Amino acid sequence: MSVISEEHVRGGSVFKDISADDDDWQPTEIESLCMNCYKNGTTRLLLTKIPFFKEIILSSFSCANCGWTNTEIQSAGRIQEQGVCYTLKVKTKEDLNREVVKADSATTRIPELDFEIPAFTQKGSLSTIEGLLDRAVAGLEQDQAVRAIRCLSTN
Ligand SMILES: [Zn+2]
C-alpha cells in the first residue's frame, strides 16, 4: 500500500467533476497544427472527472481554415486492476443514442453480428452507440480503394 494517496499525486483539484453549469470553468485553448490543411487550428483541453470513470482529458480540435474537427478522450487515471463488462440490449432505434464513454483499452463486441472492435484499435471516445458503429465503419472503409488497386496489381 502506498502512503501517498492518489489525490496528492494527481494534485486533486486539477480535475473537477464534469458539470454543465460551471461558468468560470473553461477549457484550455492551445493553437495547434491542423493535420488536414497544415494551417493553425485550435485545440481545447478539458481535464474533468466523469462519475464512475475517474479522471479524463477531453480534447477537441477545430480548424477555422478547412473546418476539420476531431474529438478525443484520454484516461488520466491509472489503469484499474480489474475490468468491468457492460451489456446493452439495443431494442429500439433510440437505444443507439445511448452515450458511451469508451477507453482505448476497451473491447466492443456485437455477438449477433460476430463483430468485434478490439482493444487499442480505436482511440478513447465520448460518443453514442451509433457513433461507435460509424467510427468502425469509417475505419473499415479507410483505404479500401488503395487496397483494391494493390490487389489488382499483384494478380
Ligand atoms: Zn485545417
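Residues numbered from 1 in each chain as written. Predicted model: local features only at pLDDT ≥ 70, side-chain atom pairs only at ≥ 80, totals over all residues.

Within an unreviewed UniProt entry, the label attached to the protein reads Zinc finger ZPR1-type domain-containing protein, and the organism entered is Oreochromis aureus. In its Sequence similarities (unreviewed entry) section, the UniProt entry covering the protein states "Belongs to the ZPR1 family." (UniProt positions renumbered as here; feature names shortened; annotations may be inferred.)

Colleague: What am I meant to see in the overall build of the protein here?
Modeller: The helix and strand inventory of the protein stands at 3 helices and 9 strands. By residue count, 5% of the 155 residues in the protein fall in the buried class. Here the contacts in the protein between residues at least 6 apart in sequence split such that 45% fall between residues at least 24 apart. (Helix = DSSP H or I, 4+ residues; strand = E, 2+ residues; numbered from the N terminus. Buried ≥ 20, exposed ≤ 12 C-beta atoms within 10 Å, placed from the backbone. Contact = placed C-beta atoms within 7 Å.)

Colleague: Could you clarify how one ought to interpret the environment of Asn 36 in this entry?
Modeller: Checked against the element boundaries, Asn 36 lands in the loop between β2 (28-33) and β3 (40-50). Taking the C-alpha atoms as reference points, Asn 36 and Thr 69, separated by 33 residues in sequence, lie 9.4 Å from one another. Apart from the residues within four sequence positions on either side, Asn 36 is in contact with Cys 63, Cys 66 and Trp 68.

Colleague: How do you make sense of helix α2 (residues 129-141) when you look at a structure like this?
Modeller: Since there are 3.6 residues in each turn of an α-helix, residues three or four apart along the chain are aligned in direction. In this model, α2 (13 residues) spans 19 Å end to end at C-alpha, consistent with the 18 Å of a helix rising 1.5 Å per residue. Count one or two residues on from α2 and you reach Asp 143, which has phi positive near 60°. (Expected span 1.5 Å × (residues − 1).)

Colleague: Please clarify how the environment of Ser 105 should be interpreted in this entry.
Modeller: Along the polypeptide, Ser 105 turns up in the loop between β6 (99-102) and β7 (108-110). Classification of Ser 105 as exposed rests on a count of 12 C-beta atoms within 10 Å. It is 9.9 Å that separates the C-alpha atoms of Ser 105 and Gly 83, two residues lying 22 residues apart in sequence.

Colleague: Even after reading the chapter, I still don't get the pairing of strand β5 (residues 69-75), so can you show me in this structure?
Modeller: It is a general feature of regular strands that their side chains alternate between the two faces of the sheet. With 7 bridges connecting them, strand β4 (residues 54-62) and β5 associate as antiparallel partners. Residue Phe 61 lies in a different strand from β5, and its bridge partner there is Asn 70. The loop that links β4 with its antiparallel partner β5 comprises 6 residues; one of these, Gly 67, has a positive phi angle of about 85°. (Pairing = 2+ DSSP bridges.)

Colleague: Looking at this structure, how should I read the confidence of the model for the protein?
Modeller: Of the residues in the protein, 79% have a pLDDT of 70 or more, and the chain-wide mean is 79. Contacts for the low-pLDDT stretch residues 1-12, under 50 throughout, to residues beyond four places or in other chains number 3 contacts. (pLDDT = per-residue confidence, 0-100.)

Colleague: Can you walk me through unusual backbone geometry in this structure?
Modeller: Note: most residues except glycine have negative phi, and most peptide bonds are trans. Notably, Tyr 38 is not glycine yet its phi reads approximately 65°, a positive angle. Counting through the fold element by element, Tyr 38 comes out in the loop between β2 and β3. C-beta crowding within 10 Å serves as the criterion here: with 11 such atoms nearby, Tyr 38 is assigned to the exposed category. Positioned with a positive phi, Phe 120 is a non-glycine residue whose angle comes to about 65°. Judged by C-beta crowding, with 10 C-beta atoms within 10 Å, Phe 120 ranks as exposed.

Colleague: In this structure, what is going on with the pairing of β4? I would like to understand it.
Modeller: In this sheet, β4 lies alongside β3 in antiparallel orientation, the contact comprising 9 bridges. Along β4, the bridge assignment pairs Thr 43 with Phe 61.

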